[in-house]
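A closer look at the structure
The chain contents come next:
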Amino acid sequence: MIKTETVNSLEFNKILTEIATHAHSAATVEKITAIKPENSIAKIEQISGRVSEICKLKESGITLALENFEDIRQSFEVLKPNGAILPTVELLKFIPVLRSCGSLSRQLNYRHDLPLLKSIEPMLRSFPEILEPLENSIDIDGSIKDTASELLKETRCAKRTLAARIRKKIDEIIRNSDIEKFLQENFITQRSGRWVIPVRMDSKGMVKGVVHDVSSSGETAFMEPLEIIPFTNELENLNAEEKAEEIRILRQLSSWVREDLEILTGCFDTLLEIDRLNSISMFSADYNLNKPKINENGEFRLVNARHPILIQMHKQNLLEKIEPLEIRLGGEAEESVMIITGPNAGGKTIAIKTAGILMLMALSGIPVPADSESQFPIIDSLLVDIGDEQSIEQKHSTFSAHIARITSIIQQSSMRSMILLDELGAGTDPLQGAAIACGVLRELQLRGSLVIATTHLSDIISFVHKTTGMINAGMAFDDNSFTPLYRLVIGVPGESHALEVARRFGLPEKIISFARQMIGTDGSEISEMLKDLRQKRTEFENLLSDLEEQKRIVDLRNIELNIRVDEIEQIRKETAEKGYSEAKMLISTTRRRMNIILEELKRDNRSEIINKIREAEKDLLTQIKQEANINENKGITSVKAGDSVFVDSIGCIGQVLSSENRNGKVRIRAGRMELEVRLSDLSRSEKSESIKLMKAASIVWKSDIDENASNEVKLIGLRVDDALSELDTFINRMFSAGIKDIRIIHGLGSGRLRDAVREELKRHTLVECFRSGEAHEGRDGATFATLKV
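Presented here is an overview of the structure given in this document. These numbers come from a predicted model, not from an experiment. (Residues numbered from 1 in each chain as written. Predicted model: local features only at pLDDT ≥ 70, side-chain atom pairs only at ≥ 80, totals over all residues. Heavy atoms only, no water.)

**With respect to the side chain of H307**
Relative to the assigned elements, H307 resides in the loop between β6 (300-305) and α13 (308-315). On the basis of relative accessibility, which here comes to 5%, the residue H307 falls in the buried class. Polar side-chain contacts of H307 include one of 3.1 Å to the backbone nitrogen of I309. Excluding anything up to four places from it in sequence, H307 contacts K353, T354 and I357. (Helix = DSSP H or I, 4+ residues; strand = E, 2+ residues; numbered from the N terminus. Buried < 20%, exposed > 50% of the residue type's maximum accessible area, 1.4 Å probe, protein only. Polar contact = N/O pair within 3.5 Å; in protein donor to acceptor, adjacent residues only side chain to side chain. Contact = heavy atoms within 4.5 Å.)

This is the structure we're talking about:
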């Protein structure tokens, strides 16, 4: 179990806060901020798999049908008792929730490529029997609409009519010259729900009516004229009827919601989970993240990893460049302990924080900012000592606070632990601090934990270099400009470069010179040795990069040569076939002419000449066949139903329907035609193989097809025979172009054209399968087919 203090020290909450900005509800935000790392590989794979399915939908241009909604779980509790009534503002909250449930249900149910999303229980469903009455009854401001019931509509209509009569009557009263002179002002208002006119206090006895209020100055009495009192009383009765009907409507709506309360509760939980997963997927798309690979063999591997907060700073132009991080420990790697050294402010702490936060993200099923080759092990604990734990209350110094924390880490460590230690051995005498640090590293290695630590102590570097299963790493430093490069170099320790960093931050030169003299020659020799080692490593990396580039160029040339060979072979075959076809036509023409000559020769009884001519014809045909390297029957001796063959006499591909009959003929289907041909007129279907070879061989030719060929045909307005002929030509053209998925637009109409098209697709030898269009694809007005490409 990874502790909350570890999660907080790695600032995982900042990642969750960023994810929560994509949520559609405050309730979803609660679920997101409660995300914790899992220790079950099945659970992690399930979460990351569901996120990946949503990401794939987004890549195809489909967004989940979510809208902003409020938390209605408190309303569920209020509704549980029988007879409980929800106010309109609470019922209004159900509308976007029910809309989202229905939209998502319709969006997901017909798809077969979202098995993990559809496995969320309970499955979402529509609630039209609740949603429609709510939408018809509750307005966006929380008031009840007139359309909620016929009685409410009639009552409100009667109220409006009566109110208009009252206003008209009062207008007549105040326009009366006998009354007007007693009015304080010429307007109509209401007091306590009664219509009144403002009368001067000294004249209230001159106007017949009832006083309902007096102004604050005491000079105006608000009187209801006697003439409108019956109308006002009737209006009050209508108000009471309206209120009663509104209560009845709310009670009815609440009871309908209560009937499906258990199902609604489950669907709301599912809606929150889908919104949470969708928020993670949107965060993943914003930061270009990849699905993490989880393993149980203890391998921790980061490839091109970046801290997500640094990515955010880079997007805000607060950071010019991010150096990717490469780390590999455990698993097949010999090392399980890594010590990172390097200059202050050189990126050591960022490196171990990146490793820690990416581990938390991966174990939470959140995509990570690293390449897909990255690996994350299942662990029971992530133990961290980062920052200053100094405490006045507990009488802890910096060193004692670190030692107390490390002691606790050792006690909790195991083979399924990952440990991050910052500034190991610091805060005390360097010699003793290094000795303690080496003992800690040895103990953690014996316990089988993965360890990444930072330090400045050279004695620790030496110990790690000599110990099997441990490896040094350093943060790169530019020796020319004396600035950190923030790049982790595995296998080579880094230097603190304290003097260069001090100079960069303005420390006086005389102090730096004095410090350099204090260091002496030993420090300089070690520094020069490490500098030389880094230079040699840089040279080696440059050579390796050059070799990889040369290998890439050679591989590309090999691919190009193979393509050229395939192109030449294809051209040779096509030329041979074309030559043979032309020669065969020439022979056929020559044979007709020769038959005429032979008839003349027969009359002259020149049998010897006849035999010679026939022999010459036979030799000519044999030579042409050998030259073209094509056998007329391609060696075919037998066929069976379902075989794909080439019919030489008509020059197209067909499918065998039945084998040889008594006449020695085979029944085949070629396009829309069914015919019987002799076995000798058939050859193996190498035409389709040639087409496939052409696609694989010529990248340029393939791109031309993709740009110029449309994968849909419109048959609307054509007669059935014309449409089927056009369809057959279209299918052959798409097959030749190597296009697999096609769309046939035939419209709805009477359905005759649609049925004829689908019957033709069912029989066609080049069609693998077909289906009707979905709701967003034209429904039954279009048919989508897959060819046997």
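**Some words on the packing of aromatic side chains**
Counting across every chain of the model gives five aromatic pairs. Measuring from centroid to centroid gives 6.0 Å for F69 and F268, while their planes differ by 80 degrees, and the two rings are edge-to-face. Here F69 is found in the loop between α4 (41-59) and α5 (73-79), whereas its partner F268 is found in helix α12 (residues 261-287), with 199 residues between them in sequence. Here F69 and F268 have matching classes, each one buried. Between F300 and F376, the aromatic rings sit 5.9 Å apart at their centres with planes inclined by 75 degrees, giving edge-to-face as the arrangement. A residue pair is termed long-range when its members are at least 10 positions apart, and F300 in strand β6 and F376 in strand β9 (residues 375-377) qualify at 76 residues. (Phe/Tyr/Trp six-rings, centres within 6.5 Å; stacked < 30°, edge-to-face > 60°.)

**Remarks on the sheet that holds strand β21 (residues 741-745)**
Taken in spatial order, the four strands line up as β20-β21-β23-β22 in an open sheet, and their pairing is mixed. One side of each edge strand has no neighbouring strand; the edge strands of this open sheet are β20 (712-714) and β22 (767-772). Averaged over all neighbouring strand pairs, the angle between strand axes comes to 20 degrees, with direction disregarded. Sheet topology note: the β20/β21 ladder contains three bridges and is parallel. (Pairing = 2+ DSSP bridges. Axes fitted to C-alpha atoms, helices over the stretch in contact; angles between N-to-C directions.)

**What to know about the sheet that holds strand β4 (residues 220-225)**
Across the sheet, which stays open at both edges, the four strands sit in the order β1-β2-β4-β3 with antiparallel pairing between neighbours. Every other strand in the sheet has two partners, leaving β1 (189-191) and β3 (209-214) as the edge strands with one partner each. Each strand axis lies, on average, 50 degrees off the axis of its neighbour in the sheet, ignoring direction. Of the pairings in the sheet, the one linking β3 to β4 comprises five bridges and is antiparallel in character. Across the sheet, residue D213 finds its bridge partner in β4, namely F222. Along the sheet, helix α9 (residues 150-175) contacts β2 (194-200) and β4; its crossing angle with β2, the most-contacted strand, is approximately 15 degrees. Across the sheet, helix α11 (residues 229-259) is in contact with β2, β3 and β4; its angle to β2 comes to roughly 145 degrees.

**Regarding the nonpolar core**
Formed by 100 residues in total, the largest nonpolar core has its most connected members in F94, F300, M418 and I452. Here this core gets eleven residues from one element, more than from any other, and that element is α12. Ignoring any residue separated from it by four or fewer positions in sequence, one finds I452 in contact with F300, I327, L329, M338, I340, I352, A355, M418, I419, L420 and L421. (Core = buried A, V, L, I, M, F, W, Y, C linked by side-chain atoms within 4.5 Å.)

**Looking at the pairing of strand β23 (residues 782-787)**
Most of β23 is tucked away: six of the six residues are buried. Of the two faces of β23, the one carrying A782, F784 and T786 and the one carrying T783, A785 and L787 are both buried. One ladder, built from five bridges, connects β21 with β23; its direction is antiparallel. Opposite I745, over in β23, you have A782 as the bridge partner. Both β22 and β23 contribute to a ladder of five bridges, which runs antiparallel. Its bridge partner being in β23, V767 is matched across the sheet by L787.

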